[in-house]
Amino acid sequence: MQRSFSTLTTHSTSSSSSSSSSRSISSCGIRYAEQLGRYVFDELLSTEQQYCEDLANGIGRYTPIFQPESELPEGLRGQQHVLLSNVTQIAALHRHKLLPLMLQHRQELDVLLERWLTLIERGHFNCYVLYTASQRESLRLYDTHELYFKRLQITLGDPLGIRSFLLKPVQRITKYPLLLDRLITTFFAHRHLISKRMFELTCRLEKRLRELLERANQVDQLNDIKHFNAFNVLSEANFIMVGEFQMHDALLRRTYQSKLFVFNICIVYTERKGRKHLVRGKFVLPDVCFVAKAKSFVLCDKLHECEFICQQSATLDKWETIMHKLLSDEPTTTTTTTTTKTCDDSCDKRQSKEGKETQTKVANGIVKKEEDEEIIESTKRFSDQGAMAAIDEATAVDGTSTMGRKALEIARKWRTHRSSDSTHSTWY
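Residues numbered from 1 in each chain as written. Predicted model: local features only at pLDDT ≥ 70, side-chain atom pairs only at ≥ 80, totals over all residues. Heavy atoms only, no water.

### Focus: the overall build of the protein
Okay, step 1: The number of helices and strands found in the protein is 14 helices and 7 strands.
Okay, step 2: Considering the protein as a whole, with its 428 residues, one finds that 48% of them fall into the buried category.
Okay, step 3: A separation of at least 24 residues holds for 64% of the contacts in the protein among residues at least 6 apart in sequence.
Okay, step 4: Surface accessibility of the protein: about 21,800 Å² in total, with carbon and sulfur atoms responsible for 50%. (Helix = DSSP H or I, 4+ residues; strand = E, 2+ residues; numbered from the N terminus. Buried < 20%, exposed > 50% of the residue type's maximum accessible area, 1.4 Å probe, protein only. Contact = heavy atoms within 4.5 Å. Areas by Shrake-Rupley, 256 points an atom, 1.4 Å probe, with all protein chains shown as cover.)

This is the structure in structure tokens:
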């Protein structure tokens, strides 16, 4: 029998006293482990092929309805990016990257797992976070024009309809961890026959996919922020996580219930107002200080100082870890130190490494460090400057109030000061 997975290991009977019955049991165990692993992988591959086909069919059916000559209800005109979001980006990822990997390495599962893991770590699957953030508005648009889409479904001969199509990406990203968990269970039950590397790769990939799924679930909370265009922001900046805290705002001189939204270039904090949240400010990375206390942590810059109360030590540890990762090039071992980074140093390091081709990615002297060449190529179409502009637009909405106008005036003056003051980034 030909081995399906190259990393399955056999235990040869080196001793002449090994019985034929032991060899038979070992051989049966290997075949059984192979069959179980192959069953899970075949399901993964077949569903991946069907998923790619479903996405292609859905895009082929529903993208043309937004052509200029098409007759659309008034409320749907120009709303393709709202209804379909970035589904074409997701389809391209699976059609041109993940599915070819599965087909090419179907006999080398360890190689497939390793390269799939690389795709995730390079940010290619962040398109699912953007899609999930857009789905609430997408489904709302569908519900508003449900009668039109029901008629269109009949006209196009689509057995499931556009609503089913819109839900497919979310259903797919949810299924990956479940399939990999089955694979892990199979490998663990026969761990004496499976290489350690194979088992570790499967566990790491499953963990990364669950983390991705958690971010996709959390990112929907951006839609709770009043007048905040989540799609525009996420098209330019990577969402990392969100947390809810009791927060003391030094600028407003009061305490309120807040949510902290972390992106790769900034941190936005909000105040709960009923069922919605209002943006109260933001910290631009890496020009921000982080201080961990006994039961809270403080974020501050030249404009803001906010203290976030942590009810559990595990919450404080989690946020300390993520903030140190965002603000430091090297891991930090001290748990209560203040972490500071300078914008000028970041720019100098990045410019010396990548040269003039990265100039378009500079915003307010901040450059996101990227060590992989492929990541740089994939992110050239987005700039930190564009991301900050989108976030600025979203955070400026509260400028109609007296306090909001005052805060925005201070922010503008501070930005002018930053652009002319070469020592702005060395404060403590």
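### Here we look at the pairing of strand E1 (residues 239-249)
Okay, step 1: Pairing of E1 with strand E2 (residues 254-263), which is carried by 10 bridges, proceeds in the antiparallel orientation. Bridge pairing in E2 links Phe 245 to Ser 258.
Okay, step 2: Where E1 folds back on E2, the antiparallel hairpin that results is connected by 4 residues, among which Arg 253 adopts a positive phi of roughly 60°. (Pairing = 2+ DSSP bridges.)

### Thoughts on the pattern of salt bridges
Okay, step 1: If you walk through the whole model with that rule in mind, you get 20 salt bridges.
Okay, step 2: The shortest N-O distance in the salt bridge between Glu 206 and Arg 210 comes to 2.3 Å. Placement of both Glu 206 and Arg 210 in helix H8 (residues 196-219) is noted, with a separation of 4 residues, approximately one turn of the helix.
Okay, step 3: The salt bridge partner of Lys 273 is Glu 271, with a shortest N-O separation of 3.7 Å.
Okay, step 4: Ionic contacts of the salt-bridge type, sharing partners, join the residues Glu 121, Arg 204, Arg 208 and Glu 211 into one network. (Salt bridge = Lys/Arg side-chain N within 4 Å of Asp/Glu carboxyl O.)

### Focus: the sheet that holds E2
Okay, step 1: The 7 strands are arranged E4-E3-E2-E1-E7-E6-E5 in an open sheet whose pairing can be described as antiparallel. Single-partner strands in this sheet number two, and they are strand E4 (276-284) and strand E5 (289-292). Averaged over all adjacent pairs, the angle separating strand axes in this sheet is 35°, with direction ignored.
Okay, step 2: Sheet analysis places E1 next to strand E7 (residues 305-309), joined by 4 bridges and oriented antiparallel. Its bridge partner lying in E7, Gln 246 is registered against Ile 309. (Axes fitted to C-alpha atoms, helices over the stretch in contact; angles between N-to-C directions.)

### Things to note about the nonpolar core
Okay, step 1: Ranked by size, the top nonpolar core spans 76 residues in total, and within it Trp 116, Phe 125, Leu 222 and Phe 263 carry the most contacts.
Okay, step 2: Setting aside chain neighbours within four positions, we find Leu 222 in contact with Phe 228, Ala 230, Leu 234, Phe 239, Phe 261 and Phe 263.
Okay, step 3: Of all hydrophobic cores here, the second largest spans 24 residues; its members include Leu 252, Cys 306, Phe 308 and Cys 310. (Core = buried A, V, L, I, M, F, W, Y, C linked by side-chain atoms within 4.5 Å.)

### Topic: helix H6 (residues 146-156)
Okay, step 1: Taken residue by residue, H6 has Phe 149, Leu 152 and Gln 153 as its buried positions. Relative to the axis of H6, the buried residues are bounded by an arc of 105° and lie together on one face. Within H6, the exposed residues directed more than 90 degrees away from the buried face are Leu 147, Arg 151, Ile 154 and Thr 155.
Okay, step 2: Phi turns positive, to about 70°, at Gly 157, one or two residues after H6. (Arc of directions from axis to C-beta.)

This is a description of form; function is not addressed.
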